[in-house]
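Spelled out from the first residue to the last, the chains are:
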Amino acid sequence: IAGITQAPTSQILAAGRRMTLRCTQDMRHNAMYWYRQDLGLGLRLIHYSNTAGTTGKGEVPDGYSVSRANTDDFPLTLASAVPSQTSVYFCASSEGASGANVLTFGAGSRLTVL
Amino acid sequence: GQNIDQPTEMTATEGAIVQINCTYQTSGFNGLFWYQQHAGEAPTFLSYNVLDGLEEKGRFSSFLSRSKGYSYLLLKELQMKDSASYLCVSEDSSYKLIFGSGTRLLVRP
């Protein structure tokens, strides 16, 4: 592993189903983030974690939950998927949530909810 | 309020110079990033400006004017591989990032 690994790469999901997107980093970064990217919109922050054991809500948290049990892993769960959650999801990490906070992104997970 | 404006699309010719502009309205502005994102791939970091002026990094340069709420990314000696989206991202005083919707640059031969 080098950087950030996301899984799955893509998934088609029936509405109402539960889905967890996985994210693992090997850079020992303190902060991790989940963004969604939709056509014509900027990346929008769903949830974040400044350090292991803590999480916070971003701009569009409804319908999503996260956990940060350790430094490396930051899974994103959709408890009951809806079509509006069709999007490309990017996990990202940074050394810390401070100035010049350069993000390293995973390759993304394309989710389609039918 | 928090807002980022950048053109949706631009076209330029291989070997030329292109300037991608960005204006921002950010409460408690701290700094400004530019990221590059090729189609179907992850964004990658290009530059970060916190002080006024021009930062040069090879073929890419980024400029910031804090008083005008304005930045630009300058790409010189354009190559076909520079065809990508360029994301302008402001950082506020609580280190929250606000992403623009991106400028899709098409480099033609």
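Here's a quick rundown of the structure.

Conventions adopted
- Residues numbered from 1 in each chain as written.
- Chains lettered and ligands numbered in written order.
- Predicted model: local features only at pLDDT ≥ 70, side-chain atom pairs only at ≥ 80, totals over all residues.
- Heavy atoms only, no water.
- Pairing = 2+ DSSP bridges.
- Helix = DSSP H or I, 4+ residues; strand = E, 2+ residues; numbered from the N terminus.
- Axes fitted to C-alpha atoms, helices over the stretch in contact; angles between N-to-C directions.
- 1 Å grid on protein atoms, 1.4 Å probe; cavity = no way out; pocket = protein on both sides within 12 Å on 5 of 7 lines; lining within 4 Å.
- Points joined across faces, edges and corners; volume = space filled by probe spheres on them.
- Nonpolar A, V, L, I, M, F, W, Y, C, P; charged D, E, K, R; others polar.

All names here are of chain B. Pairing is antiparallel across the open sheet formed by five strands, whose spatial order is E1-E3-E8-E7-E6. Each edge of the open sheet is held by one strand with a lone partner, namely strand E1 (3-5) and strand E6 (53-57). Shown here is a sheet whose adjacent strand axes are inclined to one another by a mean of 15 degrees, direction ignored. The sheet contact formed by strand E7 (residues 60-65) and strand E8 (residues 70-75) spans six bridges and is antiparallel. Paired with Phe-60 across the two strands is Leu-75, which belongs to E8.

Roughly 680 Å³ of volume is contained in the largest pocket. As for the largest pocket, its lining consists of 28 residues, and the residues nearest its centre are Gln-37 and Leu-39 of chain A together with Gln-37, Ala-39 and Ser-85 of chain B. When contributions to the lining of the largest pocket are tallied by element, the ones reaching two or more residues are strand E9 (87-94) and strand E11 (109-113) of chain A together with strand E9 (84-92) and strand E11 (103-108) of chain B. Tallied by class, the residues present in the lining of the largest pocket amount to 10 nonpolar, 14 polar and four charged. Roughly 300 Å³ of volume is contained in the second largest pocket. For the second largest pocket, the lining is made up of 19 residues, of which Glu-59 of chain A together with Gln-2, Ile-98, Phe-99 and Gly-100 of chain B are closest to its centre. Elements represented by at least two residues in the lining of the second largest pocket include exactly strand E5 (44-49) of chain A together with E1 and strand E10 (97-99) of chain B. Among the residues making up the lining of the second largest pocket, the classes are represented as eight nonpolar, seven polar and four charged.

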